[in-house]
Structure formats: structure tokens, C-alpha cells
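Given next are the chains, with one letter for each unit.
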Amino acid sequence: MKELFKGCWTIPNLISFIRILLVPLFAYLFMQGDFVPAVIVLALSGLSDCVDGKIARKFNQISALGKMLDPLADKLTQITLAVLLFLTFNKADDAMLKAFSWVFLVFIGKEFIMVLGSVIMLAVGLRPGAAEIYGKVATLAFYVVMVFIIGFGPEVGAFRNLFTIPNTLMMILVIISAILTMVAFFSYIPDVIRQVKEKKANKSK
């Protein structure tokens, strides 16, 4: 625990902590139907996610706590978004949107498996892998698509009176994001296999 909090008082960690606090605020605004402030909060969360890692690397403020807080903020945000949009579109009058709502379970399932897998890995003495390029691309795509949907999507778009995304386009964007999410998920598997092999090799020595 001492090593975890060593050098934790950094700007990137503060940003990650604020992002975590923004999750319940976003959920509250969304559920109240205040989509304009909700999309602003989501956009701020996404932008801050883009800068905290750069700040950490540029000013040498990388810490063990930061490596946990940043993905935690991502996972909480993504799960919350996926759950809220699933519930919203599942209640839609449009049969196509209602059927499509189940795609959001892909994001929920992926994050659930990632969290469960990380717990199991830590329990057996393995290290959960940090986000690689696939994970970063998938996260960026997810934020862009979700901000676009909550800004201009059917049912929830804060500015849909000005412009509403056609259902088909929205579905294509979500499916692309879901595919990138699954690619990112499978990209972690080789590192897990490598660690398992190394652990077995060390035990046999």
C-alpha cells in the first residue's frame, strides 16, 4: 500500500479523481433528462482523459496509483454510459432502436470481464496489463461516438432539434466502437499468456 501511494500527489491523479467524481454527476444529469449539461460533463471527462497521460509523461508524474485511477475512471465512465444508453434505447418506441439497444451490452460485458480478470490476476500474483495502443484507440472512439450520440442522437440528443443522427448512422458508429472495443480486449490476451508461462517456468526452476 505504501508503494501504491508513493508520489501520488500529482496533477494527472487529481484529474483522474475528478473524472471519477464526474461519473455520478453525468448519470444524475442524464437520468433527469438534462442532456445539455450531461453532454458537456461527458465531453470534459473525455478531454481530460486525453491530457492526463500526456501531463504524466511530460512532467514525469507517472505513479502506481495513477496507473490504477486512470483505467478505473475509464471503466466507470464506459459502464455507466453503456448501461444508461441500453436502458434508454430499450424503452424506445422505435422497434429498430429497441432491438439495437442490446449492442451496448458488449461494452458492459467487456468491462465486467476485464475487472473480474484483473482481480483474478492480482489474486494469483500476475500484473494486469496497461492500456496499449488498441485500448487507447478504442477508448477514444468510444468517447467520440458517445458524445456524438448524446449530443445529436435520437431519444437522447441534447441538440437533436438542430440535427439528429439518422438511426442507421448511429448504429454503424456504435458497432465500429464495439468492434474496436473487442479488438482491444483480445489484445490483452497475449500478455496474460506470457505472464502465465513465465510464472510456470519460474515455479519449475
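Residues numbered from 1 in each chain as written. Predicted model: local features only at pLDDT ≥ 70, side-chain atom pairs only at ≥ 80, totals over all residues. Heavy atoms only, no water.

1. Quick notes on the overall build of the protein
Okay, step 1: Of the regular secondary structure elements, the protein holds eight helices and zero strands.
Okay, step 2: Secondary structure of the protein in N-to-C order comes out as α-α-α-α-α-α-α-α.
Okay, step 3: In the protein, buried positions account for 40% of the 205 residues.
Okay, step 4: Put simply, the protein shows about 12,000 Å² of open surface, and 72% of that area lies on carbon and sulfur atoms. (Helix = DSSP H or I, 4+ residues; strand = E, 2+ residues; numbered from the N terminus. Buried < 20%, exposed > 50% of the residue type's maximum accessible area, 1.4 Å probe, protein only. Areas by Shrake-Rupley, 256 points an atom, 1.4 Å probe, with all protein chains shown as cover.)

2. Describing the nonpolar core
Okay, step 1: Among the nonpolar cores identified, the biggest contains 34 residues, and F26, F104, M146 and I149 are the most heavily contacted of them.
Okay, step 2: Going through the elements one at a time, α1 (11-31), α2 (35-58), α3 (64-90), α4 (95-100), α5 (104-123), α6 (133-152) and α7 (167-187) are the ones with two or more residues in this core.
Okay, step 3: Sequence-distant contacts of M146, that is, excluding residues within four places in its chain, are made with L42, L81, L85, F104 and F107. (Core = buried A, V, L, I, M, F, W, Y, C linked by side-chain atoms within 4.5 Å. Contact = heavy atoms within 4.5 Å.)

3. Some points on unusual backbone geometry
Across residues other than glycine, the phi torsion is negative in most instances, and most of the peptide bonds are trans.
Okay, step 1: One non-glycine residue, E155, adopts positive backbone phi at about 75°.
Okay, step 2: Within the secondary structure, E155 is located in the loop between α6 and α7.

4. Some details on the pattern of salt bridges
Side-chain pairs of opposite charge can arise whenever the charged atoms involved come near each other.
Okay, step 1: Inspection of the entire model under this criterion finds five salt bridges.
Okay, step 2: Between E111 and K110 there is a salt bridge, and its shortest N-O distance comes to 3.0 Å. Of the two residues examined, E111 and K110, each falls in the buried class.
Okay, step 3: R194 is the partner of E198 in a salt bridge, and the nearest nitrogen-oxygen pair spans 2.9 Å. Placement of both E198 and R194 in helix α8 (residues 189-204) is noted, with a separation of four residues, approximately one turn of the helix.
Okay, step 4: Here R194 falls in the partly exposed class, since its relative accessible area comes to 34%.
Okay, step 5: Look at the salt bridges and you will find they share partners, linking K75, K110 and E111 into a network. (Salt bridge = Lys/Arg side-chain N within 4 Å of Asp/Glu carboxyl O.)

5. Structural notes on the side chain of S101
Okay, step 1: Here S101 lies in the loop between α4 and α5.
Okay, step 2: For S101, the residues in contact, after removing those within four places along its chain, are F86, F89 and N90.

6. A look at empty space enclosed by the protein
Okay, step 1: Throughout the structure, instances matching the rule amount to one cavity of 30 Å³ or more.
Okay, step 2: For the largest cavity, the calculated volume is near 60 Å³.
Okay, step 3: What lines the largest cavity is simply R19, L22, V23, F26, V41, L42, S45, T77, T80 and L81.
Okay, step 4: Secondary-structure elements contributing two or more residues to the lining of the largest cavity are α1, α2 and α3.
Okay, step 5: The dominant element in the lining of the largest cavity, judged by the number of residues it contributes, is α1, at four residues. (1 Å grid on protein atoms, 1.4 Å probe; cavity = no way out; pocket = protein on both sides within 12 Å on 5 of 7 lines; lining within 4 Å. Points joined across faces, edges and corners; volume = space filled by probe spheres on them.)

7. Structural notes on the environment of F159
Okay, step 1: Take F159: it is sitting in the loop between α6 and α7.
Okay, step 2: The exposure class of F159 is partly exposed, given its relative accessible area of 31%.
Okay, step 3: Remark: the alpha-carbon pair of F159 and I149, spanning 10 residues in sequence, is separated by 9.9 Å.
Okay, step 4: Residues contacting F159, with those up to four places away along its chain left out, are V36, V39, G151 and F152.

8. What about α6?
Okay, step 1: Along its 20 residues, α6 runs 28 Å from first to last C-alpha, staying within 8% of the 28 Å computed at 1.5 Å per residue.
Okay, step 2: Turning to α6, its buried residues are G135, A138, T139, A141, F142, Y143, V145, M146, I149, I150 and G151. (Expected span 1.5 Å × (residues − 1).)

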